[in-house]
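One-letter residues, chain by chain:
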Amino acid sequence: MNSAQNIGFNSIGKHVGTSMLSINVDNDGVITGTRSWESPTHSGHTDDGKVTKAHAEKIIGVVDPFDCEIGLAEYDEPGIYRGRLLPDGSIDMILLQSGNKPVAIRNHYKKNKQ
């Protein structure tokens, strides 16, 4: 499990909170897992447009083995994540989602200490 500060902007306004990324990567670089976020002070939307302070989303993606670029997609959402696996094992990600409820979020995920 990896955690990050969730910083960005959505159709409601500036968003600051916490994000968790739980993924599995197979030998071919195919990613499956979940991404969740929560914020005690800023709201976002669920897949069906309801305002909420927390949400979890199922994700799929791939890792490019040549440059460690990562691409992720959410189920039932139009946004895409682009990012990179860094040498220290952390992951930088940016979410861009257009439409009626646009979102622009950045995260720097670090592995949680066990």
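Notes on the structure in this doc start here. (Residues numbered from 1 in each chain as written. Predicted model: local features only at pLDDT ≥ 70, side-chain atom pairs only at ≥ 80, totals over all residues. Heavy atoms only, no water.)

1. Focus: the overall build of the chain
Turning to step 1, where the next piece is worked out: Assigned secondary structure in the chain consists of 0 helices and 10 strands.
Turning to step 2, where the next piece is worked out: The N-to-C order of helical and strand elements in the chain reads β-β-β-β-β-β-β-β-β-β.
Turning to step 3, where the next piece is worked out: What you see for the chain is a C-alpha radius of gyration of 14 Å, in line with the 13 Å of a compact globule of 114 residues.
Turning to step 4, where the next piece is worked out: With the principal axes as the frame, the chain shows a C-alpha extent of 40 × 30 × 20 Å. (Helix = DSSP H or I, 4+ residues; strand = E, 2+ residues; numbered from the N terminus. Rg over C-alpha atoms; globule rule 2.2 N^0.38 Å.)

2. Quick look at the pairing of strand 7 (residues 69–74)
Turning to step 1, where the next piece is worked out: Only one face of strand 7 is buried, namely the one carrying Ile 70, Leu 72 and Glu 74, since none of Glu 69, Gly 71 and Ala 73 on the opposite face is buried.
Turning to step 2, where the next piece is worked out: Alignment of strand 6 (residues 54–63) against strand 7, held across 5 bridges, turns out to be antiparallel. Residue pairing across strands places Ile 60 opposite Ala 73, the latter belonging to strand 7.
Turning to step 3, where the next piece is worked out: In textbook terms, the turn of a hairpin is the stretch between consecutive antiparallel strands, and for strand 6 and strand 7 this stretch comprises 5 residues, one of which, Cys 68, has a positive phi near 65 degrees.
Turning to step 4, where the next piece is worked out: Across 5 bridges, strand 7 lies against strand 8 (residues 80–85) in antiparallel orientation. (Buried < 20%, exposed > 50% of the residue type's maximum accessible area, 1.4 Å probe, protein only. Pairing = 2+ DSSP bridges.)

3. Side note on the sheet that holds strand 7
Turning to step 1, where the next piece is worked out: Taking strand neighbours around the barrel as the criterion, the 8 strands line up as 1-2-3-6-7-8-9-10 in a closed arrangement whose pairing is antiparallel. Going across the sheet, the axis of each strand differs from the next one's by a mean of 25 degrees, ignoring polarity. (Axes fitted to C-alpha atoms, helices over the stretch in contact; angles between N-to-C directions.)

4. Looking at the pattern of salt bridges
Turning to step 1, where the next piece is worked out: Per the counting criterion, the structure on display carries 3 salt bridges.
Turning to step 2, where the next piece is worked out: For Asp 48, the salt bridge is made with Lys 50, and the minimal N-O distance between the two is 3.7 Å. For the pair shown, Asp 48 and Lys 50 are each scored as exposed.
Turning to step 3, where the next piece is worked out: Between Arg 82 and Glu 69 there is a salt bridge, and its shortest N-O distance comes to 2.3 Å. One end of the pair, Arg 82, is in strand 8; the other, Glu 69, is in strand 7, with 13 residues separating them in the sequence.
Turning to step 4, where the next piece is worked out: Under the relative-accessibility criterion, Glu 69 is labelled partly exposed at 21%. (Salt bridge = Lys/Arg side-chain N within 4 Å of Asp/Glu carboxyl O.)

5. Quick notes on the side chain of Thr 52
Turning to step 1, where the next piece is worked out: On the secondary structure map, Thr 52 appears in strand 5 (residues 51–52).
Turning to step 2, where the next piece is worked out: Exposure remark for Thr 52: the relative accessible area of 18% places this residue in the buried category.
Turning to step 3, where the next piece is worked out: Within polar-contact distance, the side chain of Thr 52 engages the backbone oxygen of Ala 54 at 2.8 Å.
Turning to step 4, where the next piece is worked out: Those residues in contact with Thr 52 that lie beyond four places of it in its chain are Trp 37, Ser 43, Gly 44, His 45 and Thr 46. (Polar contact = N/O pair within 3.5 Å; in protein donor to acceptor, adjacent residues only side chain to side chain. Contact = heavy atoms within 4.5 Å.)

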